[in-house]
Amino acid sequence: MTFQPDDAVPPAAPSRWRRALDRVRFRRGTPATASPPRRRRWLSWLGWTLVALLLLYYPLGALVIQNIDDDPQFAAASSAPGESRAVATAAALITREVDENTWTPMMPFFMPSGLLDNMPNFQRGVMAALGRFGTELMDQLGRVRGSSQLDRDLEQARGFLNEQPNIWIWQPSVSLMPSATSAQKYRAGRDKLLAYNRRLAAGQAVFERRADNLQALLDRIASDEGSDSAVIDQHIIETAGDLFDVRADDIFYFNKGRLYANYLLLRDLGVDFQSVIREKGLANAWGAMVETFRLAAELDPLVVWNGYPDGFIIPNHLAAQGFYLLRARTQLREISNILLK
């Protein structure tokens, strides 16, 4: 007779998932956790890097580009005897805004300057004043009489300086082919102004320093400033008191740019027409008018508000600008009337 042990129940075999979990735990020495695949981690890192770069690229790039340059001492580096100081300053101003600064009105939305608002409007105003000056150079100052031949350099400069300011390399709404940018056209206009000034110094071009020519130019500038004052007036009537007005700063900085460019031009036209101003006894009136343009151009609020004109807390910077603008226009008209006598 032999001893027969009782039949023992064998332990249950571990499940497949249990074995896999134990294998991961003991092989790696860490609790089993589901980690993302390597490719997914790489894509996540790349995505966050791109987001960080974009967040830095646009605001930092815009801060680097932003430069509303209203330096009242700006002038051409030099001008040869016989050249026009105003023409030299106009050419130097184009060089500064197009080459030294970035011409922001033409930049597309994906460039950092696409975030900017005030600088593009300031530059538009500057070029509006230079375009007017180029037109009057061709029509009045650069010819002996209305029946005389147009100066070819001034005719081409007028065309280039009055081009639209927002033309980039490619405009699919106009053409599928690349085109000349606004900056390229303004450079061409500057070159034509410089060519005219060189011929003027050599005695091969005309710059008529007559009282009637100066009076006609002042009337055109006064008309432009009067148009700007009408825009201010209409905007205040329609939207004064709106704390979220997004057009007030556009109007303010466009006017600022035109006032600044006109200040520089009128300051140097005072040198070009020095004999006429002295003959008419306009030295004091001319100096006061130029000073008003300077004061208007140097208005520089931290934020442009379009409050009620009689508001107690929120100012109205458009109204303040409009005061100096209309005062400058009145002084232009006074000088124009004296030049007619």
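Coordinates for the structure precede this section.
None of these values were measured; they are calculated from a predicted model.

Rules of the game
- Residues numbered from 1 in each chain as written.
- Predicted model: local features only at pLDDT ≥ 70, side-chain atom pairs only at ≥ 80, totals over all residues.
- Heavy atoms only, no water.
- Helix = DSSP H or I, 4+ residues; strand = E, 2+ residues; numbered from the N terminus.
- Contact = heavy atoms within 4.5 Å.
- Areas by Shrake-Rupley, 256 points an atom, 1.4 Å probe, with all protein chains shown as cover.
- Phe/Tyr/Trp six-rings, centres within 6.5 Å; stacked < 30°, edge-to-face > 60°.
- Buried < 20%, exposed > 50% of the residue type's maximum accessible area, 1.4 Å probe, protein only.
- Lys NZ or Arg CZ within 6 Å of the ring centre and 35° of its normal.
- Expected span 1.5 Å × (residues − 1).
- Polar contact = N/O pair within 3.5 Å; in protein donor to acceptor, adjacent residues only side chain to side chain.
- Axes fitted to C-alpha atoms, helices over the stretch in contact; angles between N-to-C directions.
- Parallel < 35°, antiparallel > 145°, perpendicular 65-115°, else oblique.
- Left-handed = near helix turned anticlockwise from the far one by under 90°.
- Nonpolar A, V, L, I, M, F, W, Y, C, P; charged D, E, K, R; others polar.

Asks: Give me the lowdown on the overall build of the protein, citing residues and values where you can.
Replies: Looking only at helices and strands, the protein features 11 helices and 0 strands. From first element to last, N terminus to C terminus, the protein shows the α and β order α-α-α-α-α-α-α-α-α-α-α. Residue pairs in contact within the protein that sit at least 24 positions apart in sequence constitute 77% of those at least 6 positions apart. For the protein, the computed accessible surface area is about 19500 Å², with 58% contributed by carbon and sulfur atoms.

Asks: An account of the packing of aromatic side chains is requested, with residue identities and associated values reported.
Replies: A full pass over the atoms with the stated rule returns 5 aromatic pairs. Plain terms: the ring middles of Trp-103 and Tyr-186 are 5.1 Å apart, the flat faces sit at 80° to each other, and that makes the pair edge-to-face. In this pair, Trp-103 sits in the loop between helix H3 (85-100) and helix H4 (118-141) while Tyr-186 sits in helix H6 (residues 182-201), placing the two residues 83 residues apart along the sequence. Accessibility assignment for this pair places Trp-103 and Tyr-186 in one class, buried. Considering the side-chain rings of Phe-252 and Tyr-253, the 5.3 Å spacing of their centres and the 75° angle between planes classify their relative orientation as edge-to-face. On the basis of relative accessible area, Phe-252 is assigned to the buried category, the value being 1%. In this structure, Arg-96 packs its charged tip against the face of Phe-74, placed 4.7 Å from the ring centre.

Asks: Give me the lowdown on helix H11 (residues 317-340), citing residues and values where you can.
Replies: Over its 24 residues, H11 extends 35 Å from the first C-alpha to the last, a length consistent with the 34 Å expected when each residue adds 1.5 Å. Within the span of H11, buried status applies to His-317, Leu-318, Gln-321, Gly-322, Leu-325, Ala-328, Gln-331, Leu-332, Ile-335, Ser-336 and Leu-339. Where H11 starts, the residue carrying a side-chain oxygen 3.2 Å from the main-chain nitrogen of Leu-318 turns out to be Asn-316.

Asks: Which residues make up the packing of helix H7 (residues 211-239) against H11, and what values go with them?
Replies: Here H7 crosses H11 at 155°, and the two axes come no closer than 9 Å. One way to sum up the angle between H7 and H11 is to call them roughly antiparallel. In this structure, H7 meets H11 at a crossing whose hand is left-handed. For the contact of H7 with H11, the class distribution of residues is 15 nonpolar, 8 polar and 5 charged.

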